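# Coordinate inspection notes
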Amino acid sequence: MPTDEKAKSKLPSAVSTEESVLRLEDGRQIVIWHSRPQSEEPVRGTVLLAPGFCARMYSLAAMAAYLCANGFAVYRYDPLDHRGPSSGELADFTMTTGRYSMDQVLDWLARERGVESLGVIATSLSARIAYRVASERDNVAYLVTAVGVTHLRATLERVFGVDHMASPPEQLPETVVFEERHHIRTLGFATDAHELGWNPAETTRAELDRASVPIVAFIARDDDWVLESEVEEALDLANHPERRMCKLEGSGHNLAKNPRIAQAMLRELTGAVMALETGGEWLRAGLPPSFPAIEREPTFEMLTAQVIAERRRSVR
Amino acid sequence: MSRATSIPQPAGADQPPNEAEAQSPSVRIIDARTAIDELIFAEDPWYALPLERQRELSDALIRQALREHLERCPSYRDYYARSGAAEPGAVALADIPLVSTRVFKFADLRSVEAHEVERWYRSSGTSGQPSRVPRDRASLERMVGSVHGSVGLLADWDEDEVAVINLGPGREHVEDVWFQYVMSLIEALYRSESRVPRDEAALDEIIGLAQSLLDDYEHLIVVGPPFHVLDLCEHMQRRGVELQAGEGATILTAGGWKRFGGRAIPKQEFRAVVARQFGLRGEGQVRDVFNQVELNTVLFECEAHEKHVPPWVHVAARDPETLQPVPEGEEGMLSYLDASCSAYPCFIVTEDVGVVRRGRCACGREGTRVDVLRRLESRAAKGCALKMGQIHANG
Ligand SMILES: [Zn+2]
């Protein structure tokens, strides 16, 4: 017969999210979201989430919800020249713009929010940027990447089916189309990628050879854009006990496509962040054999409520 | 994407993440694959699979679901044992013991622990005892997946290009009525506005909203029960409004034609009225979807106005007395075996009369289609419901 559990079904509240606007000296602005746990307990730590190329901040709603539910303060931002509410158009994006945006947000967090040290979680193309940032800045305490690009040129060739980076500038098409809908101007992107060393796998490897922060890299075993072998090569696991690869069976580059796989990934990622946040020198000697189990898991209803609230915020 | 077309492996295919098999301390393998999720959330749509492949998948996935519910749901296990059906590996899909949808009016049937139930949802009937059905996270995600995976039967839209008017309450106002809840979830997929057309002022507002969204978006979807859509069209007629949507709108009816009562009009006539009032390019832009609280999968109409049934659902039309499937194309009581539901054994016989067809549809796609015609109101149905109700007696 109907039991008490039926009576208590009601809408659970979503994570609370606030928006801030970082105004740059040149007049442009970067929009930042800050999501906090609902509980009154002190936060366990602070993380910054960087969205993948072309992805909006609300695509990271579930990740933010898992981290908040387990005690983390979560910041997200939309880079300049990207698809979301920050200044500029996606068509003009370059890797260096992405790098500049991440640096600006990290500086803002230190300046305005007193966050001296934090974890960075970066997806896809933004992971390539985060690898460089983590090798050059000392306020990144640890790095977690998801389907993170390490060999930019190879990934772009797989995405577009053509190695545009091999073309002399005058032979580049004016734009290329990403995911059938988004036109991206090539000249600025290619020039930047060549001049600032974003393209080859070797520069990623060299940057990571200099980086000393613990790294957990999630890869998808059916990813057509980022190969497992490239990430292995960049991370050099044999010489870095403070790094780990987590390989997701049955997933392509879009980790959110299959919710069973997404759920398993978010549990593992949150556990990884909980372990990494405890920090300290001991992590350098090697990550624990397994990450702790998460303490709280958001329900379907919480995740849906958050996605819808963030979607509303985005289109208002 | 090849995963969707690989044969599901029943043994261990639905295990929790296997986190044991790491190659070295620096590598962890996370294997959360399940055959049902690989099909529902595949890159390539299920309706592009050949009929034979759909049959194989159907058989394997439903058997896997049967094993799981027998293991996890004591009431269903007892009922199955009493029914004398062959063991799960040998039973024909048509002989899997069915639960009458009536059972959900009084029985607490679930295959998950109480704490795993996200919510109990109820039917929207205005009279009598409502059905109450539990759903866990996986079942809800798969229901959303069934919508997402079938939207391609309508068109290939980018989420940014589409706006939705939901002729029903928004998320803040839906409680546990399944139909309203499902409708309100559209907002997780597309920019949505929800309005209940309860009076003239509300209808005027909806017309204005439709006009402005048609201007601002490439595509407008208006979704609601047929009687609300008809109300809206009649109101537009009274106001002398004819929209010029062209190819830019789809009108989606959902929630059945039952409450039409005396106003029921043939579906073709309905589509003609709607197409005229919205200024649609064709009646193919007026579609219907089907679901009921006891069924976890949402069924969409193709451009030929046939409801395609995905391979994780087995549908049959049955003789109301014997419960044996009737020959293809003949009317019978509709039953569904829905492998997407983990929260309760979704092996149900309904009180709807309909027709099932298999093979190639007029739209060109292969697969199974179902036409839900009307409610069954005979004594035979009631007798059948009583017989099915026995699941509860010893449950
Ligand atoms: Zn069809």
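Treat the numbers as computed from the prediction; the structure is a model and nothing was measured.

Looking only at helices and strands, one finds 9 helices and 15 strands in chain B. Within chain B, the proportion of its 395 residues that are buried is 58%. Pairs at least 24 residues apart make up 68% of the contacts formed inside chain B by residues separated by at least 6 positions. Split by element, the accessible area of chain B, about 16000 Å² in all, is 47% carbon and sulfur.

Let's shift gears to the interface of chain B and chain A. Of the residues lining the interface, 52 residues belong to chain B; the matching set on chain A comes to 48 residues. Among the residues chain B hides against chain A, the three largest losses belong to Arg28(B), Ile30(B) and Arg137(B). Together they make up 17% of the total. Between the two partners, chain B and chain A, sit 14 salt bridges. There are 23 residue pairs in polar contact (both at pLDDT 80 or more) connecting chain B and chain A. Of all elements in the fold, only strand E1 (27–30), helix H1 (35–40), strand E3 (117–122), helix H4 (137–150) and helix H5 (178–184) of chain B reach the threshold of two or more residues within the side of chain B that touches chain A. Broken down by element, the side of chain B that touches chain A gets its largest block of residues, 6 residues, from H4(B). Residue classes in the side of chain B that touches chain A are distributed as 22 nonpolar, 5 polar and 25 charged.

By the element assignment, Val182(B) lies in helix H5. Separated by 11 residues in the primary sequence, Val182(B) and Arg171(B) place their C-alpha atoms 9.8 Å from one another.

A few words on the pairing of strand E7 (residues 175–178) of chain A. Side chains of E7(A) alternate between two faces, with Val176(A) and Phe178(A) buried and Thr175(A) and Val177(A) left unburied. Connecting E7(A) to the antiparallel partner strand E8 (residues 182–185) of chain A that follows it, the hairpin turn spans 3 residues, and Glu179(A) within it adopts a positive phi of roughly 50°.

Before going further, it helps to examine the confidence of the model for chain B. Residues and elements named next belong to chain B. With 87% of its residues at a pLDDT of 70 or more, chain B has an overall mean of 89. In this model, residues 1–22 is a region of pLDDT below 50 whose contacts with residues beyond four sequence positions or in other chains number 44 contacts. Both confidence scores are given for the complex: pTM 0.91, ipTM 0.92.

All names here are of chain B. Of the protein atoms, only Cys302 (SG), His308 (NE2), Cys361 (SG) and Cys363 (SG) coordinate the zinc ion, at distances of 2.1 to 2.3 Å. Positions of the donor residues of the zinc ion along the chain correspond to the pattern C-x5-H-x52-C-x1-C. Here the residue Cys302 occupies a position in the loop between strand E10 (299–301) and strand E11 (307–309), and Cys363 occupies one in the loop between strand E14 (347–360) and strand E15 (366–375), the gap between them amounting to 61 residues. By the burial criterion, Cys302 is buried, and Cys363 matches it.

Turning our eyes to something else, we now look at the pattern of salt bridges. One pass over the full model with this rule turns up 62 salt bridges over all chains. Ionic pairing is found between Glu228(A) and Lys247(A), a salt bridge with its closest N-O pair at 2.8 Å. In this pair, Glu228(A) sits in helix H8 (residues 228–235) while Lys247(A) sits in strand E10 (residues 243–248), placing the two residues 19 residues apart along the sequence. On the basis of relative accessibility, which here comes to 1%, the residue Lys247(A) falls in the buried class. The closest approach of N and O atoms between Glu200(B) and Arg238(B), which form a salt bridge, is 3.6 Å. Separated by 38 residues along the polypeptide, Glu200(B) in helix H6 (residues 200–216) and Arg238(B) in helix H7 (residues 226–239) bring together distant segments of the chain.

Residues and elements named next belong to chain A. This model, assessed by the stated rule, comprises 15 aromatic pairs over all chains. Both rings, one in Phe53 and one in Phe178, keep their centres 5.2 Å apart while their planes meet at 65°; by these two values the pair is edge-to-face. Of this pair, Phe53 sits in the loop between strand E3 (45–50) and helix H2 (61–69) while Phe178 sits in strand E7, and the two are 125 residues apart along the sequence. In this structure Phe53 comes out as buried when scored by relative accessible area, which is 17%. Members of the aromatic cluster, each reached through a chain of ring pairs, are Phe53, Phe93, Phe160, Phe178 and Trp225. Positioned above the aromatic ring of Trp198 is the side chain of Arg132, whose terminal nitrogen or guanidinium carbon lies 3.7 Å from the ring centre. Here Arg244 stacks its cationic end above the ring of Phe291, 4.8 Å away from the centre of that ring.

All names here are of chain A. The alternating pattern of E8 places His182 and Ile184 on a buried face and His183 and Arg185 on a face that is not buried. One ladder, built from 4 bridges, connects E7 with E8; its direction is antiparallel. Within E8, the residue paired with Thr175 across the bridge is Arg185.

With that out of the way, let us pick up H4(B). With 14 residues, H4(B) extends 20 Å from end C-alpha to end C-alpha; this agrees with the ideal 20 Å at 1.5 Å per step. With 11 of 14 residues buried, H4(B) lies mostly within the body of the structure.

Rules used throughout
- Here, residues in each chain are numbered from 1, in the same order as that chain's written sequence.
- Whichever chain is written first becomes A and whichever ligand is written first becomes 1, with later ones labelled in order.
- Selection of residues for local features in this predicted model requires a pLDDT of at least 70, selection of side-chain atom pairs for listing and counting requires 80 or more, and totals for whole chains, interfaces and linings are taken over all residues.
- Note that water and hydrogens are dropped before the side-chain values are worked out from all heavy atoms of the structure.
- To qualify as a helix, a DSSP run of H or I must reach at least 4 residues; to qualify as a strand, a run of E must reach at least 2; elements of each kind are numbered from the N terminus.
- The classification of residues rests on relative accessible area computed with a 1.4 Å probe and restricted to protein chains. Under 20% of the type maximum is buried, over 50% is exposed, and intermediate values are partly exposed.
- Should any heavy atoms of two residues lie within 4.5 Å, those residues are counted as being in contact.
- Using the Shrake-Rupley algorithm and a 1.4 Å probe, accessible areas are obtained, with residue cover drawn only from the displayed protein chains.
- Throughout, the accessible surface (probe 1.4 Å) given up by two parts as they are put together, summed over both, is called the buried area.
- Within this document, salt bridges are pairs made up of a side-chain nitrogen of Lys or Arg and a carboxyl oxygen of Asp or Glu, the two lying within 4 Å of each other.
- In protein, a polar contact requires one atom able to donate a hydrogen and another able to accept it; more generally it is a pair of N or O atoms within 3.5 Å, and residues adjacent in sequence count only if both atoms are side-chain atoms.
- In this classification, Asp, Glu, Lys and Arg are treated as charged, Ala, Val, Leu, Ile, Met, Phe, Trp, Tyr, Cys and Pro as nonpolar, and every other residue, Gly included, as polar.
- Pairing between strands requires that DSSP locate at least two bridges from one strand to the other.
- pLDDT expresses how confident the predictor is about each individual residue, on a scale running from 0 to 100.
- Here a donor is any nitrogen, oxygen or sulfur atom (N, O, S) within 2.8 Å of the metal, with 3.2 Å used for Na, K and Ca; water is not among the atoms considered, so some sites may look incomplete.
- In summary, the pairing rule links any two rings of Phe, Tyr or Trp, Trp by its six-membered ring, whose centres are within 6.5 Å, and it sorts them by plane angle into stacked for under 30 degrees, edge-to-face for over 60 and tilted for everything else.
- In this scheme, Lys NZ or Arg CZ marks a charge over a ring once it lies within 6 Å of the ring centre and within 35 degrees of the ring normal.
- In this scheme, a helix's expected span is set at 1.5 Å multiplied by one less than its residue total.

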